[in-house]
There are 2 protein chains.
Amino acid sequence: MILKARFGGYDGKGTRWARTPEEFDALRNEWEPGGWLAEELVPFRRELAVMVARSANETRCFPTMETVQVNHVCDLVFPADADASEAAIAAVEAVEGFGLFGVELFELPDGSFQINEIAPRPHNTGHYTLDWGGPSQFEVHVRLAMGLPLPELTGSEAAMANLLAPGPADWRAGLRAALAAEPSAHVHWYGKAELKPGRKVGHINASGPGCRERVVRAREAFWAGAR
Amino acid sequence: MILKARFGGYDGKGTRWARTPEEFDALRNEWEPGGWLAEELVPFRRELAVMVARSANETRCFPTMETVQVNHVCDLVFPADADASEAAIAAVEAVEGFGLFGVELFELPDGSFQINEIAPRPHNTGHYTLDWGGPSQFEVHVRLAMGLPLPELTGSEAAMANLLAPGPADWRAGLRAALAAEPSAHVHWYGKAELKPGRKVGHINASGPGCRERVVRAREAFWAGAR
């Protein structure tokens, strides 16, 4: 089973595995404010994400992306060769949601989808839209809040790699190394005061053919340079 | 002839026509600091512009754009069906220039090019690169200044319309009108304290098919809404 803290869960925090009855019993005694949710493990093939924009007049989706998580934290986002927009829209409609939503889904072995998370806001899996040449998720969020019509949610293929801090590091040297190694990559650095281990401190976008390989290479150069 | 003030010319300021000997004689008596340059009128077919990026190691061009001037001021920029990059690079090499250059050219009736202006900096005709999904001219400018390698200067087709103030106007209402009329347009408002008539106070970008028509429609909606 997967156990999830009922409150305060974010970016993988508050999520625990129970693979055996013994592990489950051990977690019983761990206190979490509000208690736990216990969910059956889903044997998914891969994880997908869709940003859904819904107003009173129209519903539109950004492209379906594939996401890779490391230690329950989003690590990499790139275009999926699947279309989960119908399931994502159904999820937002089911909760009578209006605005911008990040919907995360499991793709099951039979090709069907199961909703994993509905985030009522701009979302990490939509950060690639800052550099894809089409509308950004933040622009769409503001348009929805202001009651303005929505643009076509199309752009170039794009990919994003998160920057998770390894601990204190020379991020200026890392930035320079990434910009030198991958001229087509865009580094978004959040300016956090402290690089706590595992903290999301930025992300790297690239668009066009080979974007996935390029963001991964740029990230490797970043942390190699920041050492 | 065209008379150009030797100093302080910018955005069409300091440029005068002399169509007849009488007009020329009249301008003789108009004082300009540093005097005038008198140039033969060029019967061009259209005006083109190319952003050239040149470092010690490499030279790259953004796509060739067609530009439309109104009263000597750039009004509209959109993709040209011509390639003037060779002439633009030759112009930058001729002045031994390194860095980012906006090169404006006349296309003559025989299809050849004549250099009109070399601007050693990011340039109005390159503002479309803020929203085309490829590298922006500002990013390339910084890369050149820092000695970093250059990315491929490719992106989506894109167009730009300048916002020239008609005089005092309700720009907030204009902004809202433009965003409502053309959801795919990106309005860049410069926040100038005063909307002097004819002053460049912003520009509008759009990318993808129909981008030229869309920036023009967005601009019409902007000034209609700002009235």
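The sections below set out a description of the structure shown in this document. Remember, it's a predicted structure, so these values are computed and weren't measured experimentally. (Residues numbered from 1 in each chain as written. Chains lettered and ligands numbered in written order. Predicted model: local features only at pLDDT ≥ 70, side-chain atom pairs only at ≥ 80, totals over all residues. Heavy atoms only, no water.)

Brief notes about the interface of chain A and chain B
Alright, step 1. Counting residues at the interface gives 21 residues for chain A and 21 residues for chain B.
Alright, step 2. If you sort the residues of chain A by the area they bury against chain B, Gly133(A), Arg176(A) and Pro183(A) come out on top, with a joint share of 31%.
Alright, step 3. Counting the contacts that link chain A with chain B gives 0 salt bridges.
Alright, step 4. For the pair chain A and chain B, the number of links is 10 residue pairs in polar contact (both at pLDDT 80 or more).
Alright, step 5. Elements represented by at least two residues in the side of chain A that touches chain B include exactly α3 (137–146) and α4 (171–181) of chain A.
Alright, step 6. Looking at side-chain class alone, the side of chain A that touches chain B contains 11 nonpolar, 5 polar and 5 charged residues. (Contact = heavy atoms within 4.5 Å. Buried area = accessible area lost by both parts, 1.4 Å probe. Salt bridge = Lys/Arg side-chain N within 4 Å of Asp/Glu carboxyl O. Polar contact = N/O pair within 3.5 Å; in protein donor to acceptor, adjacent residues only side chain to side chain. Helix = DSSP H or I, 4+ residues; strand = E, 2+ residues; numbered from the N terminus. Nonpolar A, V, L, I, M, F, W, Y, C, P; charged D, E, K, R; others polar.)

Description of the pattern of salt bridges
All names here are of chain A.
Alright, step 1. Throughout the structure, instances matching the rule amount to 22 salt bridges over all chains.
Alright, step 2. For Arg 60, the salt bridge goes to Glu 152, with nearest N and O atoms at 4.0 Å. On the criterion of sequence distance, the pair formed by Arg 60 in strand β5 (residues 59–61) and Glu 152 in the loop between α3 and β10 (158–164) is long-range, its members being 92 residues apart.
Alright, step 3. If you follow the salt bridges from partner to partner, you end up with Arg 45, Arg 46, Glu 66, Asp 81 and Glu 107 in one network.

Some remarks on α3(A)
Alright, step 1. Of the positions making up α3(A), those classed as buried are Gln137(A), Glu139(A), Val140(A), Arg143(A) and Leu144(A). Buried residues in α3(A), looked at end-on, bunch into an arc of 155°, giving them a common side.
Alright, step 2. Looking at the buried residues of α3(A), the elements they touch are β4 (46–54) and β8 (99–107) of chain A together with α4 (171–181) and β11 (186–189) of chain B.
Alright, step 3. Two residues or fewer past α3(A), Gly147(A) is found with a positive phi of approximately 70°. (Buried < 20%, exposed > 50% of the residue type's maximum accessible area, 1.4 Å probe, protein only. Arc of directions from axis to C-beta.)

Notes on empty space enclosed by the protein
Residue and element names in this part refer to chain B.
Alright, step 1. In total, this model carries 1 cavity of 30 Å³ or more according to the counting rule given.
Alright, step 2. Empty space within the largest cavity amounts to approximately 30 Å³.
Alright, step 3. Taken together, Ala 49, Val 50, Met 51, Phe 62, Pro 63, Met 65, Thr 125 and Tyr 128 make up the full set of residues lining the largest cavity.
Alright, step 4. In terms of residue count, strand β4 (residues 46–54) provides more of the lining of the largest cavity than any other element does, 3 residues in total.
Alright, step 5. Within the lining of the largest cavity, the residues separate by chemical class into 7 nonpolar, 1 polar and no charged. (1 Å grid on protein atoms, 1.4 Å probe; cavity = no way out; pocket = protein on both sides within 12 Å on 5 of 7 lines; lining within 4 Å. Points joined across faces, edges and corners; volume = space filled by probe spheres on them.)

Here we look at the packing of aromatic side chains
Alright, step 1. Per the counting criterion, the structure on display carries 12 aromatic pairs over all chains.
Alright, step 2. Their ring planes at 45° and their centres at 5.8 Å tell us that Phe62(A) and Trp132(A) sit as a pair that is tilted. Placement of the pair is Phe62(A) in the loop between β5 and β6 (65–70) and Trp132(A) in the loop between β9 (113–119) and α3, with a sequence separation of 70 residues. An identical accessibility class is assigned to Phe62(A) and Trp132(A); each is buried.
Alright, step 3. In textbook terms, an aromatic cluster arises when at least three aromatic residues are bridged by ring pairs, as seen for Trp171(A), Trp189(A), Phe222(A) and Trp223(A).
Alright, step 4. Here the basic side chain of Arg212(A) rests over the ring of Phe78(A), its NZ or CZ set 3.8 Å away from the ring centre.
Alright, step 5. When the ring centre of Trp17(B) is taken as origin, the NZ or CZ atom of Arg19(B), which lies over that ring, is 4.3 Å away. (Phe/Tyr/Trp six-rings, centres within 6.5 Å; stacked < 30°, edge-to-face > 60°. Lys NZ or Arg CZ within 6 Å of the ring centre and 35° of its normal.)

Some points on the relation of the copies chain A and chain B
Alright, step 1. Taken as rigid bodies, chain A and chain B are interconverted by a rotation of 180° and an axial shift of 0.0 Å, the fit giving an RMSD of 0.0 Å. On this basis, the relationship between the two copies can be described by a two-fold rotation axis. When C-alpha distances to the rotation axis are compared across chain A, the minimum falls at Gly133(A), with a value of 1.7 Å.
Alright, step 2. A shared interface surface links the copies, since 100% of the contact residues of chain A are contact residues in chain B too. (Least-squares fit on C-alpha atoms with pLDDT ≥ 70 in both.)

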